[in-house]
Amino acid sequence: MMSQIPVKKKRQRQSEPTLPTDLEDCVCFPEVVLCLVEKRMGSSRKAFLTTLARRKGFCVEAANSERVTHVVSEGNSGDEVVEWMKRNGSRSVDAAGSGPALLDLSWFTESMSTGRPVEIEPRHCLGVSVQAESLEDRCQVSPYACQRRTPLAHKNQVLTEALETMAEEARFCGSEGRSLAFSRAASVLKSLPWTVRGVKELHFLPCIGEHSRKIIQEVLEDGTSTEVENVRQSERYQTMKHFMKIFGVGVKTASQWYQEGLRTINDLQAHHAKLGKAQQAGLLHYRDLNSPVKRSEAEAIVQVVQKAVDQFLPGASVTLTGGFRRGKPSGHDVDLLITHPVEGQEVGLLSKVISWLDSQDFLLYHSTHRNASQALEDQELSVSMTAMDRLDHCFSIFCLNYPHGSIKGGSRAWEPGYELKDPGDATLWKAVRVDLVVAPYSQFPFALLGWTGSRNFERDLRRFSKHEKKMVLNSHTLYHTEKKIFLSAASEEEIFQHLGLEFMPPEERNA
Ligand code: CTP
Ligand code: MN
Ligand code: MN
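Residues numbered from 1 in each chain as written. Chains lettered and ligands numbered in written order. Predicted model: local features only at pLDDT ≥ 70, side-chain atom pairs only at ≥ 80, totals over all residues. Heavy atoms only, no water.

Chemist: How should I be thinking about the coordination of the manganese ion (ligand 2) in this particular structure?
Modeler: Perfect tetrahedral coordination of a metal by four donors corresponds to 109.5 degrees between them, and perfect octahedral coordination by six donors corresponds to 90 or 180 degrees. The protein atoms donating to the manganese ion (ligand 2) are Asp333 (OD) and Asp335 (OD), with metal-donor distances spanning 2.0 to 2.1 Å. Metal-to-metal, the separation of the manganese ion (ligand 2) and the manganese ion (ligand 3) is 3.6 Å; Asp333 coordinates the two. (Donors = N, O, S within 2.8 Å, 3.2 Å for Na, K, Ca; no water.)

Shown next, in the form of structure tokens:
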């Protein structure tokens with residue numbers, strides 16, 4: 001017992017030079033509290049400078065003191081000082097600006113020779129590359145999008161647009177892996193609460209590969225990337241992008257058309273015979289389908305579908321999912337999820353709803369996919385199973401009437417997007433892509449989570465489940481592969497709990 005006492009005493013002495021109690025020097029500048037950074041300075045020089053400062057009437061305290069106003073270092077960068085302060089228990093050094101001043105030794109020596117704290121000038125200050133975030137926080141960016149809060153508006157738009165062009169181009173070339181790498185890098189940048197200003201900051205971030213780093217560097221240094229600009233200018237990229245904006249056209253079809261020498265929508269008209277039903281509808285409504293769907297339009301469609309659902313199954317609910325649920329003000333389509341609180345009641349609902357909508361001329365195109373659970377029952381639960389494999393769903397093109405009825409009803413300004421498509425038709429209307437999905441009540445939280453997106457968020461949620469939790473997640477179940485059990489959930493929150501993840505509200509899933 002006794003032997004411990006001297007040890008303790010010794011420790012206490014070591015943590016000095018910062019305790020002023022046994023010092024007789026008086027404090028002449030109470031508004032200035034110094035902290036000397038030992039890193040690179042060394043402990044003996046630090047002790048010497050501490051004594052010097054105190055003799056001159058300066059107060060010197062330890063890094064963990066909240067009274068520190070001036071941090072003085074020798075030979076360290078601002079970032080290094082922030083990191084050192086953090087490691088030494090400082091809670092005040094996180095926002096350069098609001099925290100203590102980070103100063104070079106030159107401020108200290110000038111103050112000592114003047115005999116008072118000199119005015120801080122820019123030349124005394126150590127630059128910190130990131131204003132609001134500590135290095136420690138930056139190191140904590142997760143490689144999984146489902147662990148990164150990603151609001152709609154972010155601070156790295158110019159960089160993410162460049163990376164997303166590269167991702168798109170790679171996808172057009174059939175290079176899925178390369179596309180994913182660019183897409184992941186963009187997604188990481190979207191989650192950052194600060195604007196990246198230097199490539200050095202990328203060292204702390206996951207999922208930024210060599211090529212992405214190069215693109216980012218180019219944009220940071222020159223304001224633009226030649227490589228990205230070349231892609232954007234290329235005939236192939238432009239044509240592919242143009243063709244893929246047609247509903248029902250994917251990479252394969254678009255690149256085949258490109259190889260056949262087709263370049264414009266007009267070229268395709270001559271090709272008409274080769275188009276599938278979806279593509280024909282896509283071409284017919286090209287303009288409408290490529291003008292953004294507004295939230296008010298999405299809500300109008302919810303009303304129509306709710307009305308249809310109510311006729312066949314009172315008590316069934318229609319939920320707006322997809323980008324609108326994540327808070328987007330507009331989207332490329334409307335994603336709707338239908339369920340009923342009594343399990344089993346929803347069976348057969350989708351086809352009735354579709355038939356009714358069709359009979360009321362609400363549908364310009366639809367393609368229904370039946371629940372495949374029977375066919376899949378014997379199969380081993382496959383990891384590759386995608387979101388919609390086993391839910392009744394329908395990809396459709398809606399005919400949305402102008403909100404205030406027919407133009408015969410009154411005179412008012414023409415609204416872009418709504419047109420008289422047919423001279424014999426007296427109604428203004430617009431074609432809108434609508435995805436309808438029906439889920440049994442017990443699967444509703446999984447379907448909701450799966451159809452809310454974003455695609456990057458969903459992909460990483462499944463990747464996280466598989467690699468970190470040995471679970472398989474899809475839009476209707478969560479399966480523990482080692483315990484060999486299905487985990488049920490009554491809400492999205494419960495699914496996050498099963499996965500040991502912090503709940504992420506839809507507005508923060510814009511990865
Ligand atoms: N989804 C899916 N399978 C599809 C289509 C969509 O699982 N064949 C799911 C995805 O999980 C996706 C979500 O539905 O995240 C929404 O997809 P989509 O409508 O393509 O994207 P949004 O995020 O809604 O973007 P936008 O606003 O452009 O529609
Ligand atoms: Mn959508
Ligand atoms: Mn969709």
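Chemist: Sorry, what's going on with the coordination of the manganese ion (ligand 3) here?
Modeler: Binding of the manganese ion (ligand 3) to the protein goes through Asp333 (OD), Asp335 (OD) and Asp435 (OD), at separations of 2.1 to 2.3 Å. Here the donor residues of the manganese ion (ligand 3) share one chain and are spaced in sequence as D-x1-D-x99-D.

Chemist: Could you clarify how one ought to interpret the packing of helix α6 (residues 157-172) against helix α8 (residues 210-222) in this entry?
Modeler: The packing of two helices is summarised by the inter-axis angle and the distance between the axes. One way to put it is that α6 packs onto α8 with a least axis distance of 10 Å and a crossing angle of 135 degrees. Viewed along their axes, α6 and α8 adopt a mutual orientation that is oblique. Our pair here, α6 against α8, has a crossing hand that is right-handed. Of the residues in α8, those touching α6 at Val158, Leu159, Ala162, Leu163 and Met166 are His211, Ser212, Ile215, Ile216, Val219 and Leu220. Per-class residue counts for the contact of α6 with α8 are nine nonpolar, two polar and no charged. (Axes fitted to C-alpha atoms, helices over the stretch in contact; angles between N-to-C directions. Helix = DSSP H or I, 4+ residues; strand = E, 2+ residues; numbered from the N terminus. Parallel < 35°, antiparallel > 145°, perpendicular 65-115°, else oblique. Left-handed = near helix turned anticlockwise from the far one by under 90°. Contact = heavy atoms within 4.5 Å. Nonpolar A, V, L, I, M, F, W, Y, C, P; charged D, E, K, R; others polar.)

Chemist: Looking at this structure, how should I read the pattern of salt bridges?
Modeler: Pairing of side chains with opposite charge becomes possible as their charged atoms draw close. Within this structure, the stated rule accounts for 22 salt bridges. With a closest N to O distance of 3.0 Å, Arg123 and Glu121 form a salt bridge. In this structure, the salt-bridge partner of Glu502 is Arg149, at a minimum N-O distance of 2.8 Å. Remark: Arg149 occurs in the loop between α5 (135-139) and α6 and Glu502 occurs in the segment after α21 (492-498); sequence separation between them is 353 residues. Under the relative-accessibility criterion, Glu502 is labelled exposed at 60%. For Arg149, a relative accessible area of 33% translates into the label partly exposed. If you follow the salt bridges from partner to partner, you end up with Lys39, Arg40 and Glu80 in one network. (Salt bridge = Lys/Arg side-chain N within 4 Å of Asp/Glu carboxyl O. Buried < 20%, exposed > 50% of the residue type's maximum accessible area, 1.4 Å probe, protein only.)

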